[in-house]
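# Close look at the chain arrangement
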Amino acid sequence: QRRVVILIKKNDMMRRFFDSLECNLNYADARIVLSEFNVETSVEEWFKKGMSLFEEEQFKPAASAFNAAGDHAYANWAQGRHLISNGKKSDAAESFRTAANMFFEAMKYRLTLDILFKEISNIPPWKPEDDRLYQQARLKEPLYLSPQDTVKFALDRKCFDELLFEHFLDSSTAPLIMEHRSESKLIQHISNRYFSKEDLESLEKSVPIIIANMYALPSKKEFARAIALYLQANDFISAERCTVNAIKERKLRNRDAVLEKIAGIWQSEVGEVTKEIISNDSSAFLLYILFHSPLEAARTQAKESIALLGHNLIKRAVLSHQNLTLLDLHCFGPNEFEFEVSNALASQFENNMVDAVFWYHNRKDLYHAKSLTEGCMKSWSNEELLETLVGKLKIFPSNLVSECQRRTILPELTKTCLSGPAFNLDFALEATNQAISSQDEAERNSSHLISVWYEQKDNIIIRGSEILFGGINIGHSNVKLFLSIIFDPKNVSKQNAKLSFKRFGENVVESCVSHTFVGKPHLLYSTLLKFDSKAFAHLCPKNPKSEPELKPKGVTQDNNALLFSKGDQVIIHSLSNAIHLNGKYGTINEFNKKKGRYAVLVYKSKNGKPILIQQKNLRRRDDEFNSKLHPGNVADLENDSISNADSEESLPPLIKHNNRHRRNSSSSSSDDNVYIPSHQGTKNSLSSSDSDSDSDSVPSLQGRRSSASSLDSMPLLVERKNSTSSSDSSYEDSD
């Protein structure tokens, strides 16, 4: 009983004082009170007092009471609590350890476990002697701590070997273990323990992420099983990280099969949401896209797919789709799956490799289309080779010309290369050059080649090919010479006659020139004479007269009829007054009805005005030429053409009626350098059917009804705006 004893004298003033305070005082005889305090406190009372103070958290007086009671274990426990409250944890831990050992010695094992679990475990570090004491106490009291306390105590001390298999399966302890799922020592401990297949299946359900972490260990590398567990537990971050690690493992056993399985797990567990979960720049995303949509991966990340995942895995991904074949591997790059694609094409198209070339061409893979063509063209027909390969696909393999030479279809190749969308001037020139590489080849191919080049001359101009008609060196001397004989035989006859004869022979030269002068035997003969005067003697026309002359409609052959039309080329003769004009060349400008004379523009006239001349003093220039052109006078004709060189070759070029200019072409050439004149003009400017001579002949003018023949150097009419005036003052009268 707790009381305060105050000793006072009887009838003392102090009693009245305490009474005035209205204190609740009990008055008793002093002898009774003293007898009560004269008794010694027992050990039990001191222990009971200490426990009461301990519960009231008055740890210091409690420690004193426990010491008075002789229980030093409790006293150290209370002292430890007192030190904790004062922040002296290390001193408190030593007091706790002392108390635990005392309790263990006193065989109070539960109290030992209480101090270890509740006090010492909260003041690290945990010491080895603490473990020994704990193990010994647990052996004495194995069921004292609850499973939750046992698991928590083991996890806090990182003593994972104390965890039992049942702790992983128990719904009350498994969450505690899951809180430590990132502990590498815990994962390694589980990995080192033996679990049956059934045990692992049970653990995958109770602690899936911990088991997944175990599967993902470098020692395990069971990435597919790990990723499946991560996804089942909705741990997408760990699943993506594990997928990336699996892709990085280049030496992983059965890597392609494992990655294919991982892609399938993502598809089955997450599906389309995978695109939203995984980062787009992650290799895990690339793996998913590759198997989900291989063509999309090929279109967006072909190079990355090959670099990170490899050819074999890409092949697996493509073949995993029923609507795709090995041919779709071509989408990842024309050079990446050459073997697989070529074998697939051979299997699909069997012996019809033309379709295989089409297949490559449609995918803009011209390199493989050309390579396939070079290897297979020998088995193709001429139609497939020229019309399909060259004409439609515009494929020109390196051995095309040699193959066409073997088949003797070089002219056909030339024609194909010069026509339509397959236009290729370089190959046309190469084919032509090969077709005339020798006299025998030239004789066999010249006729067809001449027709081909004449038919396609318009295409060459339209396509802006200056190589043949712009004065640019085309690089093939044989072709230069051959085309020069076709398109400008007169100039070639003057400058490269011997070289032409030497390279091609008389038959080819005759064919080229004959094509130009169809229906004009005299012009043909006169031109061929310049190549060789003996080789072509058999072509001399039997009738020395010129070709029939076309007369204007309604004009009769009498002295009063108009014999000349505008543009006709004439020679002036028999003038009595202006004798200096006799023998001069001129061109009919118009007929002056008032004067009854022709207005003639005389070449090299100083004032440039037309001169009025009577019809009787004019004759056609062709008449002079034809009067000399007959057998027996060949030498005279050649001498005459040489003597008139100055008057003919120095005359001005034609400026056409439509004001389109043509460039003069004059050049000197050796045997190896061939001159090709520049030809620009209307569609039929080179056609022999519209003129009487080569490129220097006179074209038809407005109002002209017939076309006259002329010599090769005859100058052409320059039409002036004021030259057609009918005023007499604009003309000079000859007589």
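Just so we're clear, the structure is a prediction, and the values are computed from it rather than from any experiment.

Conventions used here
Going along each chain's sequence as written, the residues are numbered from 1 onward. Selection of residues for local features in this predicted model requires a pLDDT of at least 70, selection of side-chain atom pairs for listing and counting requires 80 or more, and totals for whole chains, interfaces and linings are taken over all residues. Water and hydrogen atoms were dropped before computing side-chain values, which therefore reflect all heavy atoms in the structure. Here a helix means four or more residues in a row that DSSP labels H or I, a strand means two or more in a row labelled E, and each is numbered from the N terminus. A 1.4 Å probe rolled over the protein chains alone gives each residue an accessible area, and that area as a share of the maximum for its type sets the label: buried under 20%, exposed over 50%, partly exposed in between. Contacts are assigned to residue pairs with any non-hydrogen atoms lying within 4.5 Å of each other. Accessibility throughout is a Shrake-Rupley quantity obtained with a 1.4 Å probe, and a residue counts as covered only by protein chains that appear here. Pairs were defined over the aromatic rings of Phe, Tyr and Trp, the Trp ring being its six-membered one, requiring ring centres within 6.5 Å. Orientation was assigned from the angle between planes: stacked under 30 degrees, edge-to-face over 60, tilted for the rest. Take a side-chain nitrogen of Lys or Arg and a carboxyl oxygen of Asp or Glu: if they are within 4 Å of each other, that pair is a salt bridge. To obtain each axis, a line is fitted to C-alpha atoms, and for helices this fit is confined to the stretch in contact; angles are then taken between N-to-C directions over 0 to 180 degrees. Small angles under 35 degrees read as roughly parallel and large ones over 145 as roughly antiparallel, with 65 to 115 read as roughly perpendicular and the rest as oblique. Residues were grouped as follows: Ala, Val, Leu, Ile, Met, Phe, Trp, Tyr, Cys and Pro as nonpolar; Asp, Glu, Lys and Arg as charged; and all remaining residues, including Gly, as polar. To qualify as a nonpolar core, a set must consist of buried Ala, Val, Leu, Ile, Met, Phe, Trp, Tyr and Cys residues joined through side-chain atoms within 4.5 Å. Every residue gets a pLDDT, meaning the predictor's confidence in that residue, from 0 to 100. Paired strands, as defined in this entry, are two strands with at least two bridges between them according to DSSP.

Before going further, it helps to spend a moment on the overall build of the protein. The secondary structure content of the protein amounts to 38 helices and six strands. When the 735 residues of the protein are sorted by exposure, 46% land in the buried category. A fraction of 58% describes how many contacts in the protein between residues 6 or more apart in sequence connect residues 24 or more apart. Accessible surface, the protein as shown: approximately 39,600 Å² in total, 49% of it carbon and sulfur.

Overall, the coordinates contain 21 aromatic pairs when judged by the stated rule. Both rings, one in Phe-332 and one in Phe-337, keep their centres 6.4 Å apart while their planes meet at 70°; by these two values the pair is edge-to-face. With 5.3 Å between their ring centres and 80° between their planes, Phe-564 and Tyr-598 make a pair best called edge-to-face. Within this pair, whereas Phe-564 is found in the loop between helix H35 (521–531) and strand S1 (569–572), its partner Tyr-598 is found in strand S3 (residues 597–602), the two being separated by 34 residues in sequence. Each member of the pair Phe-564 and Tyr-598 is classed as buried.

Let us now look at the pattern of salt bridges. Taken as a whole and assessed by the stated rule, the structure comprises 18 salt bridges. Arg-97 is paired through a salt bridge with Asp-130; the nearest N and O atoms lie 2.9 Å apart. Here the residue Arg-97 occupies a position in helix H6 (residues 89–105), and Asp-130 occupies one in helix H8 (residues 128–140), the gap between them amounting to 33 residues. Note on Arg-97: relative accessible area 9%, which makes it buried. What makes Asp-130 buried here is its relative accessible area of 3%. A single salt-bridge network, built from bridges that share partners, covers Glu-94, Arg-97, Lys-127 and Asp-130.

Okay, unusual backbone geometry next. Omega for the peptide link from Pro-124 to Pro-125 comes to 5°, which places this bond in the cis form. Despite not being glycine, Asn-234 shows a phi value in the positive range, around 60°. At Lys-394, a residue that is not glycine, the phi angle is positive and equals roughly 60°. Residue position: Lys-394 is located in the loop between helix H25 (382–392) and helix H26 (400–406).

With that settled, consider the packing of helix H12 (residues 184–192) against helix H14 (residues 208–215). Closest axis-to-axis distance for the H12/H14 pair is 9 Å, and the angle between their directions is 75°. The orientation of H12 relative to H14 falls into the category roughly perpendicular. Contacts between H12 and H14 pair Leu-186, Ile-187, Ile-190 and Ser-191 from the former with Ile-210, Ile-211, Asn-213 and Met-214 from the latter. Across the contact of H12 with H14, the residue classes tally to six nonpolar, two polar and no charged.

Examined against the element boundaries, Phe-47 turns out to sit in helix H3 (residues 43–55). Assessed through its relative accessible area of 29%, Phe-47 is described here as partly exposed. Look past the residues within four positions of Phe-47 in its chain and what remains in contact with it is Phe-66, Ala-69, Asp-71 and Tyr-74.

A word on the packing of helix H27 (residues 410–417) against helix H29 (residues 439–455). In the contact formed by H27 and H29, the axes pass within 9 Å of each other and the chain directions differ by 5°. Accordingly, the angle class assigned to the pair H27 and H29 is roughly parallel. On the side of H27, the interface is formed by Pro-411, Glu-412, Thr-414 and Lys-415, while H29 contributes Asn-445, His-448, Leu-449, Val-452, Trp-453 and Glu-455. Looking at side-chain class alone, the contact of H27 with H29 contains four nonpolar, three polar and three charged residues.

In this structure, Ile-262, Leu-413 and Phe-482 are the most contacted members of the largest nonpolar core, which totals 135 residues. Filtering out sequence-adjacent residues up to four positions away, Ile-262 remains in contact with Phe-223, Ala-224, Ile-227, Thr-243, Ala-246 and Leu-287. Counting residues in hydrophobic clusters, the runner-up holds 34 residues, among them Tyr-109, Leu-111, Ile-115 and Tyr-134.

Turning our attention to the confidence of the model for the protein. Of all residues in the protein, 77% have pLDDT values of 70 or greater, and the mean over the chain is 77. Below a pLDDT of 50 lies the segment residues 460–473, which in the model reaches 31 contacts outside its immediate sequence neighbourhood of four places, other chains included. Note that residues 544–559 has pLDDT below 50 and, in this model, 28 contacts with residues that lie over four places away or in other chains.

Moving on: the pairing of S1. Covered by surrounding structure in S1 are Gln-569 and Ile-571 together with Val-570 and Ile-572, the residues of both alternating faces. Two elements, S1 and strand S2 (residues 585–592), share three bridges in a ladder whose sense is antiparallel. Its bridge partner being in S2, Val-570 is matched across the sheet by Gly-586. In this structure, S1 lies alongside strand S5 (residues 618–620), joined through three bridges in antiparallel fashion. Paired with Ile-571 across the two strands is Arg-619, which belongs to S5.

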